[in-house]
Amino acid sequence: MIRPTPFIRQAERLINRNPELFGPGPLARRATGIGAMPPLKGLVTCATQGLAVGLVGGLAYNFIYGNPGVQMIEDYYKENPPR
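What comes next is a walk through the structure. No experiment lies behind these values; they were computed from the predicted model shown.

Rules behind the numbers
Residues numbered from 1 in each chain as written. Predicted model: local features only at pLDDT ≥ 70, side-chain atom pairs only at ≥ 80, totals over all residues. Heavy atoms only, no water. Phe/Tyr/Trp six-rings, centres within 6.5 Å; stacked < 30°, edge-to-face > 60°. Helix = DSSP H or I, 4+ residues; strand = E, 2+ residues; numbered from the N terminus. Buried < 20%, exposed > 50% of the residue type's maximum accessible area, 1.4 Å probe, protein only.

### Considering the packing of aromatic side chains
In total, this model carries 2 aromatic pairs according to the counting rule given. Plain terms: the ring middles of Tyr61 and Tyr65 are 4.8 Å apart, the flat faces sit at 45° to each other, and that makes the pair tilted. Here the residue Tyr61 and the residue Tyr65 both occupy positions in helix 3 (residues 39–65), the gap between them amounting to 4 residues, near one helical turn. Residue class for Tyr61 comes out partly exposed when judged on its relative accessible area of 44%. Exposure remark for Tyr65: the relative accessible area of 54% places this residue in the exposed category. With a centroid separation of 5.3 Å and an interplanar angle of 80°, the aromatic rings of Tyr76 and Tyr77 are classed as edge-to-face.

Here it is, written out as structure tokens:
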């Protein structure tokens, strides 16, 4: 048996023995939301939400900043027309 040193006593206090979080099985908490869905449905939902957030974010950026890279190229060709 290991002799109880201050370090071992401190480590034992760090262990969370809350049964709502870590018991009796590997994990007693039940999934909710996307985690509770069947795997394929959860994947499709997550991918759809990711695409929607990306699309809305991209459109908002384009609306707010006006696509500055394209604007710089257009300004350059207005000042220096091709021959």
